[in-house]
Amino acid sequence: MLIRHPVPSDEAAWRGLWAGYVAFYEADVAEAVTARTWERLIHKQDGLVCRVAEADGTICGFSLSVLHAGTWSLTPVCYLEDLFVAPEQRGRGIGEALIRDLVAMAKSQGWSGLYWHTRASNANARRVYDRFTVADDFVRYRLLF
Ligand SMILES: CC(C)(COP(=O)(O)OP(=O)(O)OC[C@H]1O[C@@H](n2cnc3c(N)ncnc32)[C@H](O)[C@@H]1OP(=O)(O)O)[C@@H](O)C(=O)NCCC(=O)NCCS
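Note that the coordinates shown come from a computational prediction; the quantities given were computed from them, not determined experimentally.

## Here we look at the sheet that holds strand E3 (residues 58-68)
Piece 1. The mixed open sheet is built from five strands, whose spatial order is E1-E2-E3-E4-E5. This sheet does not close on itself; its edge strands, each paired only once, are strand E1 (2-4) and strand E5 (113-115). On average, each strand axis in the sheet is tilted by 25 degrees relative to the strand beside it, whichever way the strands run.
Piece 2. Here E3 runs beside strand E4 (residues 77-85); their pairing, made up of eight bridges, is antiparallel.

## Comments concerning the packing of helix H1 (residues 11-24) against helix H2 (residues 31-42)
Piece 1. Running from amino to carboxyl end, H1 crosses H2 at an angle of 125 degrees, the nearest separation of the two axes being 12 Å. Between H1 and H2, the interaxial angle falls into the category oblique. Here H1 runs over H2; the crossing is right-handed. Contacts between H1 and H2 involve Glu11, Trp14, Arg15 and Trp18 from the first element and Glu31, Thr34, Ala35, Thr37, Trp38 and Leu41 from the second.
Piece 2. Of the residues in the contact of H1 with H2, the class split is five nonpolar, two polar and three charged.

## Comments concerning the packing of aromatic side chains
Piece 1. Counting across every chain of the model gives 13 aromatic pairs.
Piece 2. Plain terms: the ring middles of Tyr21 and Phe84 are 6.0 Å apart, the flat faces sit at 70 degrees to each other, and that makes the pair edge-to-face. With a gap of 63 residues between them, Tyr21 in helix H1 and Phe84 in strand E4 connect regions that are remote in the sequence.
Piece 3. Between Trp116 and Phe132 the ring centres are 6.3 Å apart and the planes differ by 90 degrees, which places this aromatic pair in the edge-to-face class. Of this pair, Trp116 sits in the loop between E5 and helix H4 (123-129) while Phe132 sits in the segment after H4, and the two are 16 residues apart along the sequence.

## Some points on H2
Piece 1. When the terminal C-alpha atoms of H2 are compared, their 16 Å separation across twelve residues agrees well with the 16 Å that a helix rising 1.5 Å per residue should span.
Piece 2. Along H2, the residues classified as buried are Thr34, Thr37, Trp38, Leu41 and Ile42. Each buried residue of H2 lies within a common arc of 120 degrees when the element is viewed along its axis, so the set occupies one face.
Piece 3. On its buried face, H2 is in contact with H1, strand E2 (48-55) and E3.
Piece 4. Remark: Lys44 follows H2 within two positions and exhibits a positive phi of approximately 55 degrees.

## Let's talk about the site of the ligand
Piece 1. Taken together, 21 residues surround the ligand, and among them Leu83, Gly93, Gly95, Asn124 and Arg131 come closest.
Piece 2. One of the side-chain nitrogen or oxygen atoms of Asn124 is found 3.3 Å away from a nitrogen atom of the ligand.
Piece 3. Relative to its unbound accessible surface of 920 Å², the ligand loses 77% to contact with the protein.
Piece 4. Of all elements in the fold, only E4, helix H3 (94-109) and H4 reach the threshold of two or more residues within the shell around the ligand.

Cut-offs applied
- Counting restarts for each chain: residues are numbered from 1 in the order of the written sequence.
- Since the coordinates come from a predicted model, pLDDT governs what is reported: local features require at least 70, and pairs of side-chain atoms require 80 or more to be given and counted, while whole-chain, interface and lining totals use all residues.
- As a rule here, side-chain values cover all heavy atoms of the structure and leave hydrogens and water aside.
- Pairing between strands is defined by DSSP: at least two bridges between them are needed.
- We count a stretch as a helix when DSSP gives it H or I for four or more residues in a row; a strand needs E for two or more, and each element gets its number in order from the N terminus.
- Between N-to-C directions, angles span 0 to 180 degrees; the directions come from axes that are lines fitted to C-alpha atoms, helices contributing only their stretch in contact.
- Convention used here: angles under 35 degrees read as roughly parallel, angles over 145 as roughly antiparallel, angles from 65 to 115 as roughly perpendicular, and any remaining angle as oblique.
- By convention the crossing between two helices is left-handed if the near helix lies anticlockwise of the far one by an angle smaller than a right angle, and right-handed if it lies clockwise.
- Contacts: residue pairs with any heavy atoms within 4.5 Å of one another.
- Three classes are used: nonpolar for Ala, Val, Leu, Ile, Met, Phe, Trp, Tyr, Cys and Pro, charged for Asp, Glu, Lys and Arg, and polar for all others, with Gly counted as polar.
- Pairing of aromatic side chains here covers Phe, Tyr and the six-membered ring of Trp, requires ring centres within 6.5 Å, and sorts the geometry by plane angle: under 30 degrees stacked, over 60 edge-to-face, intermediate tilted.
- Multiplying 1.5 Å by the residue count of a helix minus one yields the expected span of that helix.
- Between buried and exposed lies partly exposed: a residue is buried under 20% and exposed over 50% of the maximum accessible area for its type, with that area taken using a 1.4 Å probe on protein chains only.
- Taken from the helix axis, the directions to the C-beta atoms give the arc we talk about.
- Near is defined per residue: the residue qualifies when any heavy atom it owns lies within 4 Å of the molecule or strand.
- Whenever a nitrogen or oxygen atom comes within 3.5 Å of another N or O atom, the pair is scored as a polar contact, on the condition that within protein one atom can donate a hydrogen and the other can accept it, and that pairs from neighbouring residues in sequence are kept only if both atoms are in side chains.
- Only the protein chains shown count as cover for residues, and the accessible areas themselves come from Shrake-Rupley with a 1.4 Å probe.

In short, the description is geometric, and any link to function would need to be established separately.
If you want it as structure tokens, here you go:
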């Protein structure tokens, strides 16, 4: 398995995975947003960091992160916003490998931290996340506009 930055020819495969991720959250993302997200991640704009996992020549998972400045450090912090592995490829360590890839990038590029959150009830994801660290006791407040 190879983890790498996406290239333009990955668009159809990435869109298929993205659709699965959006469906997992029972969400609806407008086509204009998906198109713009692809443009930004392929060109590494606005701090977006996308990594795709390729197995047997097929893209089967991705991580999508946002690199941003922080007030508690001099170097960027990485927020892992989206993580997805194709259902038929789960349980083979691809999700863990995608996070390990980000940890390696953080160390090699001097990011000060890597963080993410998930639903408390997302047992499959938490089994992977618990291998990295212990969840803290912060809760999320959110306003949507
Ligand atoms: C969370 C996710 C990325 C994990 O990917 P993955 O490649 O299966 O991760 P790993 O193989 O490293 O570990 C999977 C864990 O889930 C468990 N698991 C439970 N049901 C599973 C299933 N149907 N298929 C595969 N693994 C399953 C595995 O047993 C493993 O835990 P264990 O090793 O402690 O037994 C993937 O399940 C996924 O995309 N889920 C839907 C989207 C999601 O929840 N994303 C994260 C939101 S923040």
